Amino acid sequence: MGTLRLGDKAPNFDAETSEGKINFYDYLGDSWGILFSHPADYTPVCTTELGAAAKYKDEFEKRNVKMLALSVDGLESHKDWIKDINETQNTTVNFPIIADEDKKVSDLYDMIHPKADDTLTVRSVFIIAPDKTIKLMITYPASTGRNFAELLRVIDSLQLTAYHKVATPANWKEGEDVVISPSVSNEDAKKLFPKGFKEVKPYLRLTPQPNLK
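Residues numbered from 1 in each chain as written. Predicted model: local features only at pLDDT ≥ 70, side-chain atom pairs only at ≥ 80, totals over all residues. Heavy atoms only, no water.

A. Quick peek at the side chain of Gln209. Tracing the backbone shows Gln209 in the segment after β11 (204–207). On the accessibility criterion, Gln209 (3% relative accessible area) is buried. Reaching out from Gln209, the side chain makes a polar contact with the backbone nitrogen of Gly175 at a distance of 2.6 Å. Apart from residues lying up to four places away in sequence, Gln209 is in contact with Leu160, Trp172, Glu174, Gly175, Glu176, Asp177, Val178 and Lys195. (Helix = DSSP H or I, 4+ residues; strand = E, 2+ residues; numbered from the N terminus. Buried < 20%, exposed > 50% of the residue type's maximum accessible area, 1.4 Å probe, protein only. Polar contact = N/O pair within 3.5 Å; in protein donor to acceptor, adjacent residues only side chain to side chain. Contact = heavy atoms within 4.5 Å.)

Right under this line is the structure:
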């Protein structure tokens, strides 16, 4: 398996999870997906992350995104750990956690980085589009917890830019102005963006977010 890059097909797999056996592609169906790995069960940062992910699940569902977590520990360990997460984070873990004891999925997605740790997965995040292509990859070290508000922001950008000829500027959030793709001429921009646009420079044109009423 070579290194995965943006635009590559996300490898399919079968796995045991805290919610039963799944096939990755079947689980995703026509949805977007987030696959995120955790170094190990009963680790403090992961406990807070899975709690945060559970609290964001409704927001991800509104955007047609399914979540799937992974840890290299076994099913029984996952089930007991989930009780701890629910208790300490005041939430209910409501998505599957893969039990990747043989590290099959971790290896498939290159989640083990030997120079960081030769047995535990790094904190990888993959966002996968409905056509099963990889749209985003972020890798954090084991010591740094992820920002789920940022993952939601990225999903909003990915979904917007997948269907409109725009890009999102630095620190963009849902509802703010976006940038018109340089490949679109001003003539076409007038037709594509009826709300109008502001030309700051010939290559920098701002328009209100097109998918909002």
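B. Molecular detail of the packing of aromatic side chains. Per the stated rule, a full pass over the model turns up 7 aromatic pairs. Here Phe13 and Phe24 contribute two aromatic rings whose centre-to-centre distance is 4.7 Å and whose plane-to-plane angle is 10°, an arrangement assigned as stacked. In this pair, Phe13 sits in the segment before β1 (14–17) while Phe24 sits in helix α1 (residues 24–28), placing the two residues 11 residues apart along the sequence. Comparing Phe13 with Phe24 shows no difference in burial state: the two are buried. Aromatic pair Phe24 and Tyr25: ring centres 6.4 Å apart, planes at 45°, arrangement tilted. Judged by its relative accessible area of 1%, Phe24 falls in the buried class. Among the aromatic residues, those joined into a ring-pair cluster are Phe13, Phe24, Tyr25, Tyr109 and Phe126. Positioned above the aromatic ring of Tyr27, the side-chain terminus of Lys66 is 5.3 Å from the ring centre. We note Lys132 situated over the ring of Tyr25; from NZ or CZ to the ring centre the distance is 5.6 Å. (Phe/Tyr/Trp six-rings, centres within 6.5 Å; stacked < 30°, edge-to-face > 60°. Lys NZ or Arg CZ within 6 Å of the ring centre and 35° of its normal.)

C. A look at the sheet that holds β11. Read from one edge to the other, the open sheet built from 4 strands follows the order β8-β9-β11-β10, with strand pairing classed as antiparallel. Either end of the sheet is taken by a strand with one partner, and the two such strands are β8 (166–167) and β10 (198–201). Direction of pairing for β10 relative to β11: antiparallel, over a ladder of 3 bridges. Counted as the bridge partner of Glu199 is Arg205 from β11. (Pairing = 2+ DSSP bridges.)

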